[in-house]
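Report on the structure
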Amino acid sequence: MSSNKYLPAIISGFGAAVLSTIPFLNIFNCCLIIPGAAILALYLYQKTILNGYPISLSNALGFGLLTGIIAAIFASAFDILITYIAHTNDLVQGLPQSEDFLRQFNLGKIMDDSIKLIEEMASDIEANGFSPLYIVMITISNLIIYSIFGTLGGLLGMAILNKRRRGQF
């Protein structure tokens, strides 16, 4: 095994994280950017390490998952850094709409506690540019979502690249 076997996943994950910080482009994180990064990682892996041989299911799942995890870590770090510098983010800007939306469900004390927690995070971000709860929340949600879609992208990439290799694509 080569020592730089995982380099394609690291490069693709970092690229996906950079793209996820661009406004309006970050809308496509889950459905296009993260799976696309996993496909790109598999393509690079197949070309550099496998020398054109088919991609196995374990490689597809592993590279998809690794690409998703790398993208989640870097995307969370970029989001935290930008929030720290700007003292605002989507949570702070969308707080009034979120409150109105949650109040429509009339969930009682649970809703009131949720809104209070969100308001505390927003006030911490506006005052300090930093909220520990926001950091935990954004990191965990990115890890879960990006890992799932990275794995799906890995499976899709395996199907596309192996089919293409056989000349059936």
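Small disclaimer: the values here were computed from a predicted structure and weren't measured.

Let us look at the packing of helix H2 (residues 29-48) against helix H3 (residues 57-86). As a packed pair, H2 and H3 sit with axes 9 Å apart at the nearest point and diverge in direction by 125 degrees. Regarding the angle of H2 to H3, the classification is oblique. You can see that H2 and H3 cross each other, and the crossing is right-handed. Every residue of H3 that contacts H2 at Ile-34, Ala-37, Ala-38, Ala-41, Leu-42 and Tyr-45 is listed here: Asn-59, Ala-60, Phe-63, Gly-64, Thr-67, Gly-68 and Ala-71. Classifying every residue of the contact of H2 with H3 by side-chain character gives nine nonpolar, four polar and no charged.

Among the surface-exposed residues, Leu-57, Leu-61, Val-136, Ile-140, Ile-144, Ile-145, Ile-148, Leu-152 and Leu-155 lie close enough to one another that they form a single nonpolar patch of about 750 Å² accessible area. For the nonpolar patch, the secondary structure elements donating two or more residues are H3 and helix H7 (132-165). Among the elements that make up the nonpolar patch, the one with the highest residue count is H7 (seven residues). Residue placement: Leu-155 occurs in helix H7. Judged by relative accessible area, which is 32%, Leu-155 ranks as partly exposed.

With 14 residues, helix H1 (residues 7-20) extends 20 Å from end C-alpha to end C-alpha; this agrees with the ideal 20 Å at 1.5 Å per step. Restricting attention to buried positions, one finds in H1 the residues Pro-8, Ala-9, Ser-12, Gly-13, Ala-16, Ala-17 and Ser-20. Viewed end-on, H1 has its buried residues packed into an arc of 160 degrees, placing them on one side of the element.

Before going further, it helps to spend a moment on the domain arrangement of the protein. Partitioning the protein into domains gives domain 1 (3-87 + 132-165) and domain 2 (88-128). Distance from the C-alpha centre of domain 1 to the C-alpha centre of domain 2: 30 Å. Carbon and sulfur atoms make up 64% of the area that domain 1 and domain 2 hide from each other, which totals about 780 Å². Considering only the side of domain 1, the residues that lose the most area to domain 2 are His-87, Leu-133 and Tyr-134, jointly responsible for 62% of the buried surface there. The interface formed by domain 1 and domain 2 contains zero salt bridges. For the side of domain 1 that touches domain 2, the secondary structure elements donating two or more residues are H3 and H7. A per-class count over the side of domain 1 that touches domain 2 returns five nonpolar, two polar and no charged.

Conventions and cut-offs
- Residues numbered from 1 in each chain as written.
- Predicted model: local features only at pLDDT ≥ 70, side-chain atom pairs only at ≥ 80, totals over all residues.
- Heavy atoms only, no water.
- Axes fitted to C-alpha atoms, helices over the stretch in contact; angles between N-to-C directions.
- Helix = DSSP H or I, 4+ residues; strand = E, 2+ residues; numbered from the N terminus.
- Parallel < 35°, antiparallel > 145°, perpendicular 65-115°, else oblique.
- Left-handed = near helix turned anticlockwise from the far one by under 90°.
- Contact = heavy atoms within 4.5 Å.
- Nonpolar A, V, L, I, M, F, W, Y, C, P; charged D, E, K, R; others polar.
- Patch = residues over 30% accessible without salt bridge, like charges linked within 9 Å, V, L, I, M, F, W, Y side chains within 5 Å.
- Areas by Shrake-Rupley, 256 points an atom, 1.4 Å probe, with all protein chains shown as cover.
- Salt bridge = Lys/Arg side-chain N within 4 Å of Asp/Glu carboxyl O.
- Buried < 20%, exposed > 50% of the residue type's maximum accessible area, 1.4 Å probe, protein only.
- Expected span 1.5 Å × (residues − 1).
- Arc of directions from axis to C-beta.
- Domains from an automatic or database assignment.
- Buried area = accessible area lost by both parts, 1.4 Å probe.

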